[in-house]
Amino acid sequence: MYLCPHQNATSYKTSLCKGDLTSCIPHLGFILIASLLLLLYGYCPPLRRSKTPYTLRYTFHNGRWILLLTLIFFMIFAILDGVLSDLKSVAPQTQQHLYLPSICAGVAAILACVYYHHMEAWLRPGFIWLLVAYWVMALLGECLRLANWIEEPGNVDWRIVRFSTIVLALFLYGLLVLLELCAVLETFLGHSHEMTDDLPPDLRNPSMKFFLRYVSLPSKVLFHWELWLLRLGWKKPLEMSDLGDLSKMTSSRYNEYVFEKCINEEKERAMRKGGLKLFSLYRVILKAQFSWHFTAFLIKVVADCSNFVIPLTVGAIIKYASVVYYGKEEVTDQYSEFVTVEEFFSNGFVLLAIMTLAGFIRCIVIQNYYYCTIMSGILLQAGMQAAIYNKSLRLSGWTMTSGAMTTGHITNFISVDIQNMRVFCEFVHYAYSIPLIITVFMIMLYDILGVAPLIASMCLILAIPFQYQLAKLQARLQKHALEISDDRLKQTREMLQGMKLIKLYGWEKTFCDIITSVRNREIKKLMLASVFLSVSVFTSYSIPALFTLLTFVLFIAISGSPLTPAIAFTTLTIVSQLHFLVKMVADLIQYSITNHVSIKRLSAFFLAKEIEREFQDDTGIITDEAHGIQARNGSMAPDEVETHDRKPPKSNTMRLRSRIFGKSASKYHNGKDTALSIDYMQLPAEPEEDETEFGIAQPDLPDNVAIKIQFLNSIISPLFILVVIPVAICFFRMHRFFITSSRELQRMDSITKSPIYAHFSESLNGLSTIRAYRVERRFKELLLDAINLNTLAFIHLSTCNRWLGVSLDLIGCLCIFLAVLMSLIVAVTSSLEPSYVGLALTYSFVGSTSLNWFIRHSCVLEMQMNAVERIKYYSNIVTENYEGTSPDSEWPQRGAVTVEDVSVRYAETLDPVLSNISLNIEPGQKVGICGRTGSGKSSLTLALFRIVDMVEGRILIDNVDIATLPLGLLRQCLSIIPQDPVLFSGSIRFNLDPLGKCSDEDLWTSLEIAQLRATVTSLEAGLDYCVSEGGDNFSMGQRQLFCLARAFLRKSRILILDEATASIDIETDTIVQRVLNEEFSNRTILVIAHRVRTILDSDVIIVLNDGAVIECDTPQNLLVKEDGLFAAFVDSAQH
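Trainee: Could you give an account of the overall build of the protein, with specific residues and numbers?
Mentor: A count of helices and strands for the protein gives 35 helices and 15 strands. Considering the protein as a whole, with its 1135 residues, one finds that 54% of them fall into the buried category. Just so you have it, the protein exposes about 51,300 Å², and 61% of that area is on carbon and sulfur atoms.

Trainee: Give a description of the nonpolar core that names residues and reports values.
Mentor: Ranked by internal contacts, the top residues of the largest apolar core, which has 158 residues, are Phe30, Trp135, Tyr173 and Met355. Examining the composition of this core, we find that 17 residues originate from one element, helix α21 (residues 565–606), more than from any other. With sequence-adjacent residues up to four places away left out, Phe30 is seen in contact with Ser35, Ala108, Leu111, Ala112, Tyr115, Leu130, Leu131 and Tyr134. Leu942, Ile957, Ile962 and Val1130 belong to the second largest nonpolar core, which has 86 residues in total.

Trainee: Hey, could you go over the packing of helix α8 (residues 227–235) against helix α25 (residues 776–829) for me, with residue numbers and the actual values?
Mentor: At their nearest, the axes of α8 and α25 sit 10 Å apart, and the two run at 95 degrees to each other. It follows that α8 is roughly perpendicular to α25 by the angle criterion. Contact residues: α8 offers Leu227, Trp228, Leu229 and Leu230, while α25 offers His796, Cys800 and Trp803. Classifying every residue of the contact of α8 with α25 gives six nonpolar, one polar and no charged.

Trainee: I'd like to hear about the pattern of salt bridges, residue by residue, with values.
Mentor: Overall, the coordinates contain 38 salt bridges when judged by the stated rule. Measuring nitrogen to oxygen at the nearest pair gives 3.0 Å for the salt bridge that ties Arg64 to Glu180. Within this pair, whereas Arg64 is found in helix α2 (residues 61–88), its partner Glu180 is found in helix α5 (residues 161–189), the two being separated by 116 residues in sequence. For Glu180, a relative accessible area of 0% corresponds to the buried category. Measuring nitrogen to oxygen at the nearest pair gives 3.2 Å for the salt bridge that ties Asp486 to Arg601. In this pair, Asp486 sits in helix α18 (residues 458–497) while Arg601 sits in helix α21, placing the two residues 115 residues apart along the sequence. The pair formed by Asp486 and Arg601 is uniform in burial state, with each residue classed as buried. One salt-bridge network, in which partners are shared between bridges, spans Asp20, Asp81, Glu142, Arg145 and Arg162.

Trainee: So, the side chain of Arg269: which residues are in play, and what are the values?
Mentor: Within the secondary structure, Arg269 is located in helix α9 (residues 252–273). Taking relative accessible area as the criterion, Arg269 reaches 16% and is therefore assigned buried. Polar side-chain contacts of Arg269 include one of 2.7 Å to the side chain of Glu266. When residues no more than four places from it in sequence are discounted, the contact partners of Arg269 are Leu278 and Arg283.

Trainee: Can you tell me about a nonpolar patch on the surface, naming the residues and giving the values?
Mentor: Residues Leu286, Phe290, Phe294, Phe297, Leu298 and Val301 make up a contiguous nonpolar surface patch of roughly 540 Å² in combined accessible area. Element by element, the count of residues in the nonpolar patch is highest for helix α11 (residues 290–325), at five residues. As for its placement among the helices and strands, Phe297 is situated in helix α11. Phe297 gets classed as partly exposed once you look at its relative accessible area, which sits at 33%.

Trainee: Account for the confidence of the model for the protein, naming residues and giving values.
Mentor: Per-residue confidence for the protein gives a mean pLDDT of 82, with 87% of residues at or over 70. Confidence drops under pLDDT 50 across residues 192–196; counting only partners more than four residues distant or on other chains, this segment forms 12 contacts. Long-range and interchain partners of residues 614–702, a stretch whose pLDDT sits below 50, account for 206 contacts in this model, where long-range means more than four residues apart.

Trainee: Before we move on, can you summarise the pairing of strand β14 (residues 1100–1105) with the specific residues and values?
Mentor: With five of its six residues buried, β14 lies for the most part within the structure. The pairing of strand β6 (residues 926–931) with β14 spans five bridges and is classified as parallel. Residue pairing across strands places Ile929 opposite Ile1102, the latter belonging to β14. Where β14 and strand β15 (residues 1108–1113) come together, five bridges link them in antiparallel fashion. Following the sheet pairing, Ile1102 is matched in β15 by Cys1112. Here β14 folds back onto β15 in antiparallel fashion, the turn holding two residues, of which Asp1106 has a positive phi close to 55 degrees.

Trainee: An account of the packing of aromatic side chains is requested, with residue identities and associated values reported.
Mentor: Note on aromatic pairs: each is described by the distance of the centres and the angle between the planes. Enumeration according to the criterion identifies 37 aromatic pairs in this entry. With 5.3 Å between their ring centres and 85 degrees between their planes, Phe210 and Trp225 make a pair best called edge-to-face. In this pair, Phe210 is assigned in the loop between α6 (201–204) and α7 (217–222) and Trp225 in the loop between α7 and α8, connecting sequence segments 15 residues apart. Side by side, Phe210 and Trp225 carry an identical accessibility label, which is buried. Where Phe605 meets Phe606, the ring centres are 5.5 Å apart and the plane angle is 65 degrees; that geometry is what we call edge-to-face. What makes Phe606 buried here is its relative accessible area of 3%. Here a set of aromatic residues connected by ring pairs shows up, and it is made of Phe30, Tyr41, Tyr115, Trp122, Phe127, Tyr134, Trp135 and Tyr173. Taking the ring centre of Phe794 as reference, the NZ or CZ of Lys753 above it sits at 5.6 Å. In this structure, Arg1046 packs its charged tip against the face of Tyr505, placed 5.9 Å from the ring centre.

Trainee: Break down the packing of α9 against α25 for me, citing the residues and quoting the values.
Mentor: Two elements in contact, α9 and α25, have axes whose closest approach is 9 Å; the angle formed by their N-to-C orientations is 115 degrees. Compared by their axis directions, α9 and α25 come out roughly perpendicular. Between α9, through Ser252, Arg253 and Glu256, and α25, the contact on the second element is made entirely by Lys780, Glu781, Leu784, Asp785, Ile787 and Asn788.

Trainee: Kindly report on helix α32 (residues 1036–1050), identifying the contributing residues and their values.
Mentor: Across its 15 residues, α32 extends 22 Å between first and last C-alpha, which sits within 8% of the 21 Å expected from 1.5 Å per residue. With 13 of its 15 residues buried, α32 lies for the most part within the structure. Directly after α32, the chain includes Lys1051, whose backbone phi takes a positive value near 55 degrees.

Trainee: Explain helix α16 (residues 430–449) residue by residue, including any values.
Mentor: With 20 residues, α16 extends 27 Å from end C-alpha to end C-alpha; this agrees with the ideal 28 Å at 1.5 Å per step. Taken together, the buried positions of α16 are Tyr430, Ser433, Ile434, Ile437, Phe441, Met442, Met444, Leu445 and Leu449. An end-on view of α16 places all buried positions within 160 degrees of arc, on one side of the element. Facing away from the buried side of α16 by over 90 degrees, the exposed positions are Leu436, Ile443 and Asp447. Elements that come into contact with the buried residues of α16 comprise α11, α13 (348–394), α15 (407–427), α17 (452–456), α20 (508–559) and α21. Immediately beyond the C-terminal end of α16, within one or two residues, lies Gly450, with a positive phi of roughly 80 degrees.

Trainee: Hey, could you go over the sheet that holds β15 for me, with residue numbers and the actual values?
Mentor: In spatial order, the strands read β9-β12-β13-β6-β14-β15; together these six strands make up an open sheet with mixed pairing. With partners counted over all chains shown, the strands left at the sheet margins are β9 (974–977) and β15, one partner each. Each strand of the sheet is rotated relative to its neighbour by a mean of 20 degrees, with strand direction disregarded. Here β6 pairs with strand β13 (residues 1084–1088) via four bridges, running parallel. Pairing of Ile929 across the sheet is with Ile1088, part of β13. Strands in contact with helix α33 (residues 1066–1079) are β6, β12 (1054–1058) and β13; relative to β12, the strand with the most contacts, it is inclined by about 165 degrees. Lying on the sheet, helix α35 (residues 1125–1134) is in contact with β6, β14 and β15; it crosses β14 at an angle near 95 degrees.

Trainee: Which residues make up the side chain of Ser798, and what are the values?
Mentor: With respect to the helices and strands, the residue Ser798 is situated in helix α25. Judged by relative accessible area, which is 3%, Ser798 ranks as buried. Once residues lying within four places of it in the same chain are set aside, the contact partners of Ser798 are Tyr371, Ile374 and Ile378.

Trainee: Residue-level account of the environment of Asn520, with values.
Mentor: Mapped onto the secondary structure, Asn520 falls in helix α20. Each C-alpha atom of the pair Asn520 and Ile484 lies 9.8 Å from the other, and the pair is 36 residues apart in sequence.

Trainee: Could you give an account of the environment of Leu139, naming the residues involved and the relevant values?
Mentor: By the element assignment, Leu139 lies in helix α4 (residues 128–149). Through-space distance from the C-alpha of Leu139 to that of Leu175 is 9.7 Å; in sequence the pair is 36 residues apart. Not counting residues within four places of it along the chain, the set of residues in contact with Leu139 comprises Leu170, Tyr173, Gly174 and Val177.

Trainee: Outline the environment of Leu792, listing residues and values.
Mentor: Tracing the sequence through the fold places Leu792 in helix α25. Given the relative accessible area of 4%, Leu792 is considered buried. Linking Leu792 and Leu745, residues 47 residues apart in sequence, is a C-alpha distance of 9.6 Å. If near-sequence neighbours (up to four positions away) are discounted, Leu792 is found in contact with Met240, Leu243, Gly244, Asp245 and Leu246.

Definitions and cut-offs
- Residues numbered from 1 in each chain as written.
- Predicted model: local features only at pLDDT ≥ 70, side-chain atom pairs only at ≥ 80, totals over all residues.
- Heavy atoms only, no water.
- Helix = DSSP H or I, 4+ residues; strand = E, 2+ residues; numbered from the N terminus.
- Buried < 20%, exposed > 50% of the residue type's maximum accessible area, 1.4 Å probe, protein only.
- Areas by Shrake-Rupley, 256 points an atom, 1.4 Å probe, with all protein chains shown as cover.
- Core = buried A, V, L, I, M, F, W, Y, C linked by side-chain atoms within 4.5 Å.
- Contact = heavy atoms within 4.5 Å.
- Axes fitted to C-alpha atoms, helices over the stretch in contact; angles between N-to-C directions.
- Parallel < 35°, antiparallel > 145°, perpendicular 65-115°, else oblique.
- Nonpolar A, V, L, I, M, F, W, Y, C, P; charged D, E, K, R; others polar.
- Salt bridge = Lys/Arg side-chain N within 4 Å of Asp/Glu carboxyl O.
- Polar contact = N/O pair within 3.5 Å; in protein donor to acceptor, adjacent residues only side chain to side chain.
- Patch = residues over 30% accessible without salt bridge, like charges linked within 9 Å, V, L, I, M, F, W, Y side chains within 5 Å.
- pLDDT = per-residue confidence, 0-100.
- Pairing = 2+ DSSP bridges.
- Phe/Tyr/Trp six-rings, centres within 6.5 Å; stacked < 30°, edge-to-face > 60°.
- Lys NZ or Arg CZ within 6 Å of the ring centre and 35° of its normal.
- Expected span 1.5 Å × (residues − 1).
- Arc of directions from axis to C-beta.

Take a look at the structure:
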């Protein structure tokens, strides 16, 4: 066997052969030298930089990688051209020179990628000289091939594939030479990109592990750079500390600055144009997230274009199989020695390579498109949460107390509304993409089937307004559900904040019923919305099937032509794409409407009235809280914004696997589609007479080739199985590898949401205190730290999901390639009907897609089960025992309290706060209890209500052990006026009597006794006047008097005042003391004193210290006791 032809070879062919073989020399030389260099530096660590998780990219990094990858793919097709040219040739022996140069060039291009990667990883800029030399020599080799080729002027024709490949190779090598020369000039004569002494700020932070912007292009687009986290999660359960810090561009502080800046600029623009009514939050989001969405737009265009390649190649592959099966005569052409463009792109194996390449490109770019949109949504969430918090700190008191912006509203802003906006960001690009894709697909169907699909498309057109109306109904119901959710969250928050009072008064069931009622109204709306959603989903699935049926029926009826496999399976491939698009139309409408509702709510919030003031903290930084900007020495610039992440506090609770409570995981939308799977009988296939296809007819094969083909066919039914089984195993191995880390990341994402919501709630509840102490900055920093932690977990979770998506898609493309390749081999070498080739194509798409999404959804299901786990854990927490034996209906009649050797502790692991307390309180006595902070005063009253459990001893009320009583009955038979007066949103009537047992006359009497009748009478609605959230429309003193009226209504024999006058003024304190003496004179009263003078008129004084009773006597006896603690308290108060 010879590399060049000898017998009957013309000088032209010999010249071409020698030129081809000569062009191999630069490639072989580079392979040899580059391999030696890589081995040398690889085994000699002192010669190179140690391995780092990031890459310091050189000049034209992305451009070089794109050209290298293009060169590799180009060489694959050049090899295919060489093989087809060899098969077409009439030469008696194989002509390796037709494909050997392309093989050498392809191998060299792959090695060049490895070489360049290590040049950056090892910081060896000198490696570039070898690349320059290689590209120059390769360029000269292609020039030699082109010079030999044009010796025959008749072969200088773009229709000849070989000529086109030589010219294109010359062009690619020329671009690489130009690029390397520019890189050399930039690196060695201009600014060096070695950056060994001047790392970017992110890389100077050793804790920063989000290397998205500091890795090579292949690692970036394949998300390979995130493998370090998945490997770590495979070895051990991930913790928050394993994730490191965020980069500057993803930190909450940077995104806060961006959004605040864009919001202020939009307000200024609106004022210039005519007023704040022109304020547009859409402009703010677009301006803040423009770079992400512009990148997503460019990537989406590439992904959409790759969508059109697959249906075209499917039809062409089946046509090729038809020509092979029916033995179509090959039409000779004037280029009998070379493959033409038409022959090349009609060959099934070439089409398979094109389809596979398009599939690879699509799966990579679509996952990167999703990543861009998801990242924009995550950063939008971080920036908007910070902006909402800043605005909340500046809201005017009237805005909060009037009910226009309640805590429930703001909580929904940072959870539901921001999530609606984030999801819309992920799908907004389908708004322009779907119409364009549908238009192109309809043109393709028209080209294949004529007017039939245009007529059948009426069902698609009619479905759009139907889907739109369904989406509007869903959005309307969800809007109502969101309003109810605002109310539910507000009431839930109030209940949790007033939980101590609710338990003390035994109102648990009442408030639970209230929240359950609100929740049932919300669920009713959501269930109705779900019904409309189900109808929408059913429509999305049924319309494409109906469209397919109508198209086929109309095609046969109108044209009278048979439905060939090429037509049928190409149509099905397009319809499967249309199925996804039709479904996305309904989803996009729904997302758009819900997003618009959220945008309107947030726009009103950002335009709400706020307090204008400035302050300067001890750092010398002046903060304008009205505009959310910082200035140092009167100047402000983006570079001055502090974006370094604060370290999370070190504590045992940072092992987040053991922390259970927090907001449930975010809802994920995949936006993907499964292929349409229909069982088909064998379809008739008659080749059209005017088609000319390049094929291989089996009857013309030599005997020895036929023997080889039979042998090949015998190993094509055991080989397919050997390929499929490892691929399936690979799928499930990847599932286990991925889920171990993603499950922990999902848990971290859920857990780190809770501190954000809690901080919002606490800040809004203590807004007046925060403003009074001017600690807005400190509280904002705490929030930004919490947002950073959540963003860190969410970003890594999303990145790992994209890695899984790319990996599964690439394996799926490989499965399709192998399945179609084997069906083509069988079709070429034996009698396999084109219908089966089409069926293999269809089922390979369906099978790989189904397996892919099975793995993904199983991962998502397992991650979402984290929410169920947390709820289950919460449900299994030990609760109070409400069971017991009811006493006489008149109990307690007297109000006698006996404490016998009682010891109390708050938890099993803690020491007792009360030790062996024994007391005997007579009915009708007024008992004052005093002591230093932490002495056990409040613990004693909590023991009376069984809020804390007794370790030993017992408490008797009218000779009945309270441990034997039903808990609710015990608490409802006692009255307490707490230190912190709590009012709930609702009417005054509800706040006084939530159980609804008292008449209006009783309510007015209680208000008169509490000196509030005049105040309530002056209100327009009287008893039905609405109390705002937290009772903010009443003063602290008035709220305490309402609590006094509430206690009077209970008419219980025992009343406890737990430092009830500690936070009110002297005048209100005087009113409370007078009411106690006049209206509660016949009741047993226990007063925990904050002001000692308020218990001087008590019958008995109890002094506690370190959980023990050290003094118990009348005030007169204790005052004359030498060295007495009570006497010391009184003396201290007088001075």
